[in-house]
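A structural walkthrough
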Amino acid sequence: MPRSTWDELPATVRAAIERKAGLVARAEIPPAGRNSDFSATLHLRSGGVVFCKGIADAEGKRGAMHRHEADINPWLPSAIAPRLRWRIEADGWLLLGFDRVTGAHADLAPGSPDLPVVADAVAALGRNLADCPAAAPRLADQWARLAPWRRLAKNPPPGLDPMRASQLVQWEARAIEAADGRDLVHTDLHSLNILVAGRQALIIDWAWSRTGSAAVDVAFLIARLIAAGHTPPAAEEWAEALPAWQRTPPAARTALAVEIWGIWQYQAAQQHRDLWRTLVPAARAWATHRLGDNTGIEHQFDDVLASGHERGGPDR
């Protein structure tokens, strides 16, 4: 979506930011990011630097996302996530100011030196955010409302036979149970939300964080690794070093793989974006690997991606 530059912000909003942060010398707009109306690294006349992002509709859905990210920030380990300095509301805008963090987006490809660094960061999240009392929506409730396989089964896309749909719906019920827990989980871990600097990885953009099982973040990363070129067995081998995954029973692992496939398959039918052409086959490959499926199901949904099979939008 189009984002405002510093000069395009209302004067009242710029003034409110400068009262909190100090006078701004220049604003550097990042190339990535979709959910904020303004995001920039603010270089201050004092020599300081702060990262600021915000939304023009403070009372809307995306405003709620930004409020949630601000509310849970105090619970995040400072060694893994940037600290929130301030939040302000001005002229209908909600803006958040964070410590600036630097680094390159994580390279998740096979052989990347970032892989063990990312694993260390995910393990640290599992340790520090276990049984976290932060107020966050339950992921299991969200997945139960979305229920992608149940929706797809009611109006099957080309390639999904009723018998297979029924099996996937059963796995979905297990996945909702597997996703439940008392940990704070990010739920949107991918290369753009992981910054690597040397031997440290930082996790950013916590707007989708939920209360659930730490295994969910590992599962999403396995699917992302496959999308980056790993085979399903190689991606699972990477995850075996993580305590949260070690504690996850085989059936729960399979259920999570099936559900991630379903979520991405369903979203691909709603959002005509190129990324689904990579993510859906990756999740499908992992799920069918875990299901031991040799029937060719891994190829029968490609026409859905090509045709953009339409349904009602997801709840997320």
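Residues numbered from 1 in each chain as written. Predicted model: local features only at pLDDT ≥ 70, side-chain atom pairs only at ≥ 80, totals over all residues. Heavy atoms only, no water.

**What to know about the environment of Leu189**
- Note that Leu189 resides in the loop between strand 7 (183-185) and strand 8 (194-197).
- Using a relative accessible area of 1% as the deciding quantity, one classes Leu189 as buried.
- The spatial distance from the C-alpha of Leu189 to the C-alpha of His68 is 17 Å, given a sequence separation of 121 residues.
- For Leu189, the residues in contact, after removing those within four places along its chain, are Val122, Ile203, Asp217, Leu221 and Arg224. (Helix = DSSP H or I, 4+ residues; strand = E, 2+ residues; numbered from the N terminus. Buried < 20%, exposed > 50% of the residue type's maximum accessible area, 1.4 Å probe, protein only. Contact = heavy atoms within 4.5 Å.)

**Focus on the domain arrangement of the protein chain**
- Per the domain assignment, the segments of the protein chain are domain 1 (6-99) and domain 2 (104-291).
- Computed over C-alpha atoms only, the centres of domain 1 and domain 2 are separated by 28 Å.
- Of the roughly 1,600 Å² buried between domain 1 and domain 2 on both sides combined, carbon and sulfur atoms contribute 68%.
- If you sort the residues of domain 1 by the area they bury against domain 2, His68, Trp75 and Ile80 come out on top, with a joint share of 37%.
- On inspection of domain 1 and its partner domain 2, the count reaches five residue pairs in polar contact (both at pLDDT 80 or more).
- For the side of domain 1 that touches domain 2, the element with the highest residue contribution is helix 2 (residues 61-72), accounting for four residues.
- Residues belonging to the side of domain 1 that touches domain 2 are distributed by class as follows: ten nonpolar, two polar and three charged. (Domains from an automatic or database assignment. Buried area = accessible area lost by both parts, 1.4 Å probe. Polar contact = N/O pair within 3.5 Å; in protein donor to acceptor, adjacent residues only side chain to side chain. Nonpolar A, V, L, I, M, F, W, Y, C, P; charged D, E, K, R; others polar.)

**Some points on the packing of helix 7 (residues 215-227) against helix 10 (residues 250-270)**
- At a closest axis distance of 10 Å, the pairing of helix 7 and helix 10 adopts a crossing angle of 65°. In this structure, helix 7 meets helix 10 at a crossing whose hand is right-handed. Contacts between helix 7 and helix 10 involve Ala215, Val216, Ala219, Phe220, Ala223 and Arg224 from the first element and Leu256, Ile260 and Trp264 from the second.
- Split by residue class, the contact of helix 7 with helix 10 holds eight nonpolar, no polar and one charged. (Axes fitted to C-alpha atoms, helices over the stretch in contact; angles between N-to-C directions. Left-handed = near helix turned anticlockwise from the far one by under 90°.)

**What about the side chain of Thr248?**
- Looking at where Thr248 falls in the secondary structure, it is placed in the loop between helix 9 (243-246) and helix 10.
- Judged by relative accessible area, Thr248 falls into the buried class, the value being 9%.
- Within the local environment of Thr248, its side chain forms a polar contact with the backbone oxygen of Ala244, the two atoms lying 2.7 Å apart.
- Once residues within four sequence positions are removed from consideration, Thr248 is found in contact with Ala215 and Arg253.

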